[in-house]
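# A structural walkthrough
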Amino acid sequence: MLLVQKGRARATIVLGHRPTWLERHAADELRRYLGAISGIKPRIVQRVPRSGPLIAIGKPATNPLMAQALKKGIVKAFGDPDADAFAIKTARMGGRDILFLAGSNDRGTLHAVYHLLEQVLGCGFFRDGEQIPRQTSITLPRIDITEIPRFRDRQEGSGCIYTYSTAYWTWRDWKRELDWKAKRGINIIWPFNVGTDIVDVIMAEWGVSPAPSKRTKTKSLHERAFEYAHELGMRIPCILPNGALPASFFEAYPQCRSIVTQWSELSPTRQLHPSDPIFHRLIVDYVRHYSQRYGTDHLYIAEFVSESKILEGATDPQEARVQFARAMSDAILEVDPEGTWMVSSWSFDFHSSDPGMRWTPEDVRGYLDAITVPLVVWDGWAEEAAKYRMTDYF
């Protein structure tokens, strides 16, 4: 099937009458890379032209060509619409050659485009750049590919990357990173630095401090990246507070139970003890504010004390950990019954010289057993630390 022949586009990219943003993005990406390979960019249309090969992109629900192919048995229905599955198939229908790029959902459609470009047309997508073959004509062989990801959730990156590596990034850097993740099939991304004023808003509502300055309509760099990641179909967890609050709160609520922790050589931090009833209220209020502002993907990251010493307020660290697990579970369940807790294994330090920071496999088991909402363990540094082996795969 000819897509481009000696400086002339032979095929036309066809979207449905009402394509989604991600389907249109998939078509734009295909057009852009075909242009980079051959110097010729095919047209993108929403009405089928009278003649010539076609490239149909989308789902049966959004593209009539795809619906017709499904009815004729040329493409098959996907069992799970949320599986990010895709099909790439060349066929003849209505007396003309058609390349079908079909997804079980919008992410699957985009993955079909990138799979075609990489595995069939020889493009290389790397974190530090791309390798694009050059040729004046593009001819496809007979193709019949169906892919269903083995892992439903695919996450890449960690808080360290965002804390240390991206502080000086521009929008161009963020867009390149997010586009690369999309090409690699990532559908969950580490949270962005958004909502940093929500605790201040809550403190004002509780009468602890004056209301913070009114938010401007101009989006921050991280908010722009947040929105673009969502447009690419990525889910973004919400990082929940661990109870650390300003000194003014503890002055206003001296009866609250608290814990004092210290990270490295920094000044100690006071945080609410998870057994205190106000801890529950803090988490519920935080999630409500976050969801009103950014929506929800029903994923949450929460860590009690990570890489920090407990200086006072918890003579038995494991008891406090279990109380944190129960209190956080209760709050998530109240404010978002569909919520899932993404538990980081980074806190599970099996080799610390400080007894208050050290975990045992039994401690991990007790902590995870105390969580009463759905959970997944985000096992960062798994290849090196292999904590999953020491805990019988959590």
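Structure: see above.
The sections below set out a description of the structure shown in this document. Note that the structure is a prediction, hence the values are computed from the model and not measured.

Across its full length, the protein carries 13 helices and 20 strands. In terms of principal-axis extent, the alpha carbons of the protein reach across some 80 × 50 × 40 Å. Across the 394 residues of the protein, 53% fall into the buried class. Carbon and sulfur atoms provide 49% of the accessible area of the protein, an area that totals close to 19800 Å².

A separate point is the nonpolar core. One finds Phe192 and Phe249 to be the most contacted residues of the largest nonpolar core, which totals 106 residues. Core analysis: the next-biggest nonpolar cluster, separate from the first, contains 14 residues, Ala56, Ala69, Ile74 and Phe100 among them.

Another point: empty space enclosed by the protein. For the structure shown, the criterion picks out three cavities of 30 Å³ or more. The calculated volume of the largest cavity comes to roughly 70 Å³. Around the largest cavity sit Ala302, Glu303, Phe304, Val305, Arg321, Val343, Ser344, Ser347, Phe348, Trp359 and Tyr367, which together line it. Classifying every residue of the lining of the largest cavity by side-chain character gives seven nonpolar, two polar and two charged. Lining of the second largest cavity is provided by Phe226, His230, Ile236, Cys238, Tyr290, Ser291, Tyr294, Gly295, Thr296, Asp297, Leu299 and Tyr300. Secondary-structure elements contributing two or more residues to the lining of the second largest cavity are helix H7 (221-231), helix H9 (277-294) and strand E17 (299-301).

Moving on to the sheet that holds strand E7 (residues 96-103). The mixed open sheet is built from six strands, whose spatial order is E4-E3-E5-E7-E6-E11. Looking at strand neighbours, the two that pair on one side only are strand E4 (44-45) and strand E11 (144-147), the edges of this open sheet. The pairing of strand E6 (residues 86-93) with E7 spans eight bridges and is classified as antiparallel. Bridging across to E7, Ala91 finds its partner in Ile98. Strand contacts of helix H3 (residues 106-120): strand E5 (54-58), E6, E7 and E11, with the helix running at about 120° to E7, the strand carrying the most contacts.

On to the pairing of E7, then. For a regular strand, side chains alternate in direction, first toward one face of the sheet and then toward the other. The buried fraction of E7 is high, at seven of eight residues. The antiparallel pairing of E6 with E7 creates a hairpin that spans two residues between the two strands, and Gly94 there sits at a positive phi of about 65°.

Right, let's talk about the sheet that holds E17 for a bit. Ordered in space as E14-E17-E19-E20, the four strands form an open sheet in which the pairing is parallel. Looking at the sheet topology across the chains shown, the edges are occupied by strand E14 (238-239) and strand E20 (375-378). Inspection of the sheet shows E17 paired to strand E19 (residues 340-344) by three bridges, in the parallel sense. Looking across to E19, one finds that Tyr300 is bridged to Trp341.

Our next topic: the packing of helix H6 (residues 198-205) against H9. Close contact between H6 and H9 brings their axes to 10 Å; oriented N to C, the two are set at 120°. In terms of their interaxial angle, H6 and H9 are classed as oblique. Considering how the two elements wind past one another, H6 and H9 form a crossing that is right-handed. On the side of H6, the interface is formed by Ile198, Val199, Val201, Ile202 and Glu205, while H9 contributes Leu282, Asp285, Tyr286, His289, Tyr290 and Arg293. Looking at the contact of H6 with H9, its residues break down into seven nonpolar, one polar and three charged.

Next up on the list: the environment of Ala302. Position of Ala302 relative to the elements: it lies in the loop between E17 and strand E18 (308-312). Note on Ala302: relative accessible area 3%, which makes it buried. When the C-alpha positions of Ala302 and Val199 are compared, they lie 15 Å apart, and in sequence the two are 103 residues distant. If near-sequence neighbours (up to four positions away) are discounted, Ala302 is found in contact with Leu240, Phe324, Met328, Trp341, Met342 and Tyr367.

Among the secondary structure elements, Ser345 is positioned in the loop between E19 and helix H11 (361-370). According to the relative accessible area criterion, Ser345 is buried, its value standing at 0%. Within the structure, the side chain of Ser345 is placed 2.6 Å from the side chain of Asp379, a separation counted as a polar contact. Each residue touching Ser345, except ones within four places of it in the same chain, is listed here: Val377, Trp378, Asp379, Gly380, Lys387 and Phe394.

Cut-offs and rules
- Residues numbered from 1 in each chain as written.
- Predicted model: local features only at pLDDT ≥ 70, side-chain atom pairs only at ≥ 80, totals over all residues.
- Heavy atoms only, no water.
- Helix = DSSP H or I, 4+ residues; strand = E, 2+ residues; numbered from the N terminus.
- Buried < 20%, exposed > 50% of the residue type's maximum accessible area, 1.4 Å probe, protein only.
- Areas by Shrake-Rupley, 256 points an atom, 1.4 Å probe, with all protein chains shown as cover.
- Core = buried A, V, L, I, M, F, W, Y, C linked by side-chain atoms within 4.5 Å.
- 1 Å grid on protein atoms, 1.4 Å probe; cavity = no way out; pocket = protein on both sides within 12 Å on 5 of 7 lines; lining within 4 Å.
- Points joined across faces, edges and corners; volume = space filled by probe spheres on them.
- Nonpolar A, V, L, I, M, F, W, Y, C, P; charged D, E, K, R; others polar.
- Pairing = 2+ DSSP bridges.
- Contact = heavy atoms within 4.5 Å.
- Axes fitted to C-alpha atoms, helices over the stretch in contact; angles between N-to-C directions.
- Parallel < 35°, antiparallel > 145°, perpendicular 65-115°, else oblique.
- Left-handed = near helix turned anticlockwise from the far one by under 90°.
- Polar contact = N/O pair within 3.5 Å; in protein donor to acceptor, adjacent residues only side chain to side chain.

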